[in-house]
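The lines below spell out each chain.
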Amino acid sequence: MSPGSGRLRETRPMQLGHGQTAVVTGAASGIGLALTQRFAAAGMNVVLADVETGALERAAAEVGAAGGSGDVVARVVDVRHAGEVDALAAAVIERFGAVHVMCNNAGVAGGGDAWFGPINTWEWTIGVNLYGVIHGVRAFLPHLLASGGHLVNTASMAGLYPGLSPTYDATKHAVVALTENLFRQMQMIGAPIGVSCLCPGWVRTKIFEAERNFPEDLGALEHSPTFEMMRPVVERVIAEGVTPAAVADLVADAIEARRFWVFTGQEWLDLAMRRWTSIADGLDPLPDSAPGMPSADEIVAMITGSTSN
Ligand SMILES: NC(=O)c1ccc[n+]([C@@H]2O[C@H](COP(=O)([O-])OP(=O)(O)OC[C@H]3O[C@@H](n4cnc5c(N)ncnc54)[C@H](O)[C@@H]3O)[C@@H](O)[C@H]2O)c1
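Here we summarise the structure given alongside this text. (Residues numbered from 1 in each chain as written. Predicted model: local features only at pLDDT ≥ 70, side-chain atom pairs only at ≥ 80, totals over all residues.)

## Describing the overall build of the protein chain
Defined as follows: Put simply, DSSP H or I for four residues or longer makes a helix, DSSP E for two residues or longer makes a strand, and each gets a number counted from the N terminus. The globule rule used for comparison is 2.2 Å times the number of residues to the exponent 0.38, while the radius of gyration itself is calculated over C-alpha atoms. Note on burial: count the other C-beta atoms lying within 10 Å of the residue's C-beta; 20 or more is buried, 12 or fewer is exposed, in between is partly exposed, and C-beta positions come from the backbone. Note that contacts rest on C-beta atoms placed from the backbone: two residues are in contact if these are within 7 Å.
Check the secondary structure of the protein chain and you find nine helices and seven strands. Relative to the globule expectation of 19 Å for 309 residues, the C-alpha radius of gyration of the protein chain, 19 Å, shows essentially globular dimensions. On the principal axes, the C-alpha backbone points of the protein chain span a range of 60 × 50 × 30 Å. Relative to its full complement of 309 residues, the protein chain shows a buried share of 41%. Across the protein chain, contacts joining residues at least 24 apart in sequence account for 75% of those joining residues at least 6 apart.

## Considering the environment of Cys199
The topology assignment puts Cys199 in strand E6 (residues 194-199). Taking the number of C-beta atoms within 10 Å as the measure of exposure, Cys199 has 26 and is therefore buried. Each C-alpha atom, one on Cys199 and one on Pro166, is 17 Å from the other, the two residues being 33 residues apart in sequence. The contacts of Cys199, once residues within four sequence positions are left out, are Ala155, Ser156, Met157, Gly159, Leu160, Trp261, Val262 and Phe263.

Quick look at the structure:
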């Protein structure tokens, strides 16, 4: 194997189409909704899973009205709970007999204070972003192995560059790590399955309104002092981000080519590369900021300006 060729064994390319079934978590909005629309347009049956009931019903109706040749199913699922994700897998198998594509996509980003606020900001973010993915992999892997299907885990560029939020970045690093491990292990045993890791930069979605789904069982979320101050900046970069539909096309291409990494922008990769170069040079973490965001000095000036008022 040549250096960097990446693959121990080749997994056969996959053609998305009628007769296949795709399951997407976090399907009521943003990237998840775009993925289901993309799969439905390819003629697949689609199963939309989400915790937000009203949005889920509207999303399923929208996908159904688009008139793909497959079936559309919606199911309320809180991916934090293994039992609910296991039940989702069982229901999909009972209805369709097989799963060909599974996207562990549900995710949240909140304004809780990681160090001085209640621990529930960690519990929520880890519960959805990390345990949600773990539950999805464990529940669906046997079915994907049976069908020779494809698994997509939604991480983030925050999984390759820790500079946005301690809670969010920690979960996304974990998703990258577990997905890369899974890929290697499947390759080593020659399993007939594809694995992709989606690492978007900014995407035009409702991710910054994720607290609409903060679970009652975790009490109340307390915002960090800087959250409201940063809100307009983050809302702007998200509004300027790529469209969910463009991300869905990249994911569909990666599935069909059985490609592992799915990226949405070079500037984020440049940022991650600068980080790794500084690590290899033994330097302390850089005060670099994410694309579109103010510099570290500007953020400090915003914080000190707002606290001195
Ligand atoms: N928008 C971005 O800029 C961006 C960038 C990188 C990665 N991502 C990731 O993309 C994924 C999709 O997010 P999005 O940007 O489309 O945001 P979004 O808020 O538009 O969609 C997220 C969906 O996840 C659902 N969800 C939340 N908690 C859930 C739970 N416990 N169980 C089931 N569903 C739940 C929400 O109801 C929502 O429908 C997330 O994993 C997010 O971290 C987003």
